[in-house]
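Observations on the three-dimensional arrangement
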Amino acid sequence: AGLVNVDDQVAISASIFSPRRKFTSGPPLAGPTFIPQGTVKSKSNYFVIPNMAYSQRVEGIPLFDVIGLSVSGNGGMNTDYRNVNLDPGPNGVFRAGKSGVNLEQMLIQATVAKQVTSGISVGVGAILARQVIHIKGLGSFTGVPGPSVNPSAVTNQGTDDSWGFGLRFGLEAAVTSNARLGITGTTPMWMSEFDKYAGLFAEQGDFDIPPSLQIGLAVDVTPNVTIMADFKRIWYGYTNSVSNPSTNIFNCTGPGNLAGCLGQTTGAGFGWDDINVYKVGIEARDVAPGLTLRAGYAYSENPIGPRDVMFNILAPGIVKHHIAAGGTYKMSDSLDLEFAALYVPENTVRGFELGIPGANPTNPIELAMKQYEVTFGIVYHLGE
């Protein structure tokens, strides 16, 4: 909806994203463990995430005032645990060689926006989504009757892709002369299944991108300073492969009792909970000629609890605090340079191995993650 306040422009940026992931296993109260004891760090610590956007005002079309197109990376990182052998037994974090998951998500959004009356604008975007995934090192979770009902589609099947679509809606309203309210909602991205990994993900490879809702307020406290606050809700529970508890695997015990087996609708998943995200920010314009500076902080609830740490060695999305700063420098009437940096301090979650055959439910596992990111971009203004 805010596109009605943007001139004709092209924006291109790229982020260098560096998530640092590790886990520590042991010591158990007694007995051998399934997860090798010690601390293991994920490799492949740097990822490039590109983004671009284009907006164009239109004349003579009553249904909308602006059209926009954006291409953004919604994800693009992995875990990469090399062939470790920290205690006697088969090599690998999951006793099946090198392990990890590589998930990339790209969203292509076509948007139209219209100012419906003074101070109120609306927008709607149609989104084409593509996902790519590659999983390795989970050979210990194959087998019939369990833990998977489709052992040939659990791991080491190469790269698989998934296509889907969704919608995004937005509204921006001037509630006073110096305050604006924004609301945006995104439907689920209804995706095709990952057929090569139908024996791992619930619902035979289903991996829809979950829906979300965001509400924000921006207040101009002076002509050159704006403060902002946002609330966002993400419903991970919509996607069974993400939200089903990993403990569902206890219900995979043999013929006639396969409900919790990997690949089933109620099969074991990563146990991610729905979360809330709270954000505050400030923007100061004309700090120096042509220079705008910004800073922000976001708190995100952790979707992963102690129950599910063993499965989430593969996907330790547990960070909470996000501290960001950046700005824009106007190099000329038609060209802006944009820059930003993000620091996410380390957060940890501690739990135990699942009590499945061969594992040790007295063995503690602690996940840890922190993140760094820098972004550089340009904005080229097409009109006057």
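Here we summarise the structure given alongside this text. (Residues numbered from 1 in each chain as written. Predicted model: local features only at pLDDT ≥ 70, side-chain atom pairs only at ≥ 80, totals over all residues. Heavy atoms only, no water.)

Focus: unusual backbone geometry
Rule in force here: By definition, any uninterrupted DSSP run of H or I lasting at least four residues is a helix, any uninterrupted run of E lasting at least two residues is a strand, and each is numbered from the N terminus. Per-residue accessibility, obtained with a 1.4 Å probe over protein chains only, is compared with the maximum for each type, and a residue is labelled buried under 20%, exposed over 50%, and partly exposed between these values.
The amide bond that connects Gly-26 to the next residue, Pro-27, takes the cis arrangement and shows omega of -5°. Of note, Pro-27 is situated in the loop between strand E1 (9-25) and strand E2 (38-41). Phi angles above zero are rare outside glycine, and Arg-95 is one such case at about 60°. Mapped onto the fold, Arg-95 is located in the loop between strand E4 (66-78) and strand E5 (100-117). Positive phi, normally seen in glycine, also occurs at Asp-286, with a value near 55°. Within the element layout of this structure, Asp-286 appears in strand E12 (residues 275-288). Residue classification places Asp-286 among the exposed residues on the basis of a relative accessible area of 54%.

Examining the pattern of salt bridges
Applicable threshold: A side-chain nitrogen of Lys or Arg and a carboxyl oxygen of Asp or Glu constitute a salt bridge if their distance falls within 4 Å.
Counted under the stated rule, the structure contains 10 salt bridges. A salt bridge links Glu-283 to Arg-294; the nearest nitrogen and oxygen atoms lie 2.8 Å apart. Here Glu-283, found in strand E12, pairs with Arg-294, found in strand E13 (residues 291-300); they are 11 residues apart in sequence, far enough to count as distant. One salt-bridge network, held together by shared partners, links Asp-80, Arg-82 and Lys-136.

Some details on the state of the cysteines
We count it as follows: Two cysteine sulfur atoms make up a disulfide if the distance between them is within 2.5 Å.
Summed over the entire model, instances satisfying the criterion amount to 1 disulfide. Disulfide partner of Cys-252: Cys-261, at an S-S distance of 1.9 Å. Residues Cys-252 and Cys-261 share a disulfide whose torsion about the S-S bond is about 85°; that sign makes it right-handed. Both residues of the pair, Cys-252 and Cys-261, count as buried.

Remarks on the pairing of strand E7 (residues 160-176)
Our working rule: We treat two strands as partners when DSSP finds at least two bridges between them.
Relative to E7, strand E6 (residues 120-136) runs antiparallel, the two being bridged by 14 bridges. For Gly-125, the partnering residue across the bridge sits in E7 and is Arg-168. Pairing of E7 with strand E9 (residues 190-191) involves 2 bridges; the strand directions are antiparallel. Along E9, the bridge assignment pairs Phe-165 with Trp-190.

Description of the nonpolar core
For soluble globular proteins, nonpolar side chains are generally found buried alongside one another. Stated precisely, the cut-off is as follows: Here, the term nonpolar core denotes a set of buried Ala, Val, Leu, Ile, Met, Phe, Trp, Tyr and Cys residues that are joined through side-chain atoms within 4.5 Å. Throughout, a residue-residue contact means that at least one pair of heavy atoms, one from each residue, lies within 4.5 Å.
Counting 45 residues, the largest nonpolar core has Phe-94, Phe-141, Phe-201 and Ile-313 as the members making the most contacts within it. Among the secondary structure elements, those contributing two or more residues to this core are E6, E12, strand E15 (335-352) and strand E16 (364-381). Here this core gets 3 residues from one element, more than from any other, and that element is E16. Excluding anything up to four places from it in sequence, Phe-94 contacts Phe-34, Ile-35, Ser-99, Gly-137, Leu-138, Ser-140, Phe-141, Met-310, Ile-313 and Leu-314. Grouped together as the second largest cluster of nonpolar side chains are 6 residues, Leu-107, Ile-127, Ala-129 and Met-191 included.

Let's talk about the packing of aromatic side chains
As a reminder, the rule being used: Ring geometry is summarised as follows: Phe, Tyr and Trp rings, the Trp one being its six-membered ring, pair when their centres sit within 6.5 Å, and such pairs are stacked at plane angles under 30 degrees, edge-to-face over 60 and tilted between the two.
Applying the stated criterion across every chain yields a total of 11 aromatic pairs. The interplanar angle of 70° and the centroid separation of 5.8 Å between the aromatic rings of Phe-94 and Phe-141 together place this pair among those described as edge-to-face. Of this pair, Phe-94 sits in the loop between E4 and E5 while Phe-141 sits in the loop between E6 and E7; the two residues are 47 residues apart in sequence, bridging distant segments of the chain. The two residues Phe-94 and Phe-141 agree in class, both being buried. Considering the side-chain rings of Phe-165 and Trp-190, the 5.6 Å spacing of their centres and the 50° angle between planes classify their relative orientation as tilted. Separated by 25 residues along the polypeptide, Phe-165 in strand E7 and Trp-190 in strand E9 bring together distant segments of the chain. Within the aromatic cluster, the residues linked to one another by ring pairs are Phe-34, Phe-94, Phe-141 and Phe-311.

Things to note about the side chain of Thr-226
Here is the rule we go by: By the criterion applied in these results, polar contacts are pairs of N or O atoms within 3.5 Å in which, for protein atoms, one can donate a hydrogen and the other can accept it, and in which residues neighboring in sequence qualify only through two side-chain atoms.
One can find Thr-226 in strand E11 (residues 225-234). You can call Thr-226 buried: its relative accessible area is 4%. In this structure the side chain of Thr-226 is engaged in a polar contact, spanning 2.6 Å, whose partner is the side chain of Asp-220. Side chain to side chain, Thr-226 and Arg-285 meet in a polar contact 3.0 Å long. Beyond its immediate stretch of four places on either side in the chain, Thr-226 contacts Arg-180, Ala-218, Val-219, Asp-220, Gly-281, Ile-282, Glu-283 and Arg-285.

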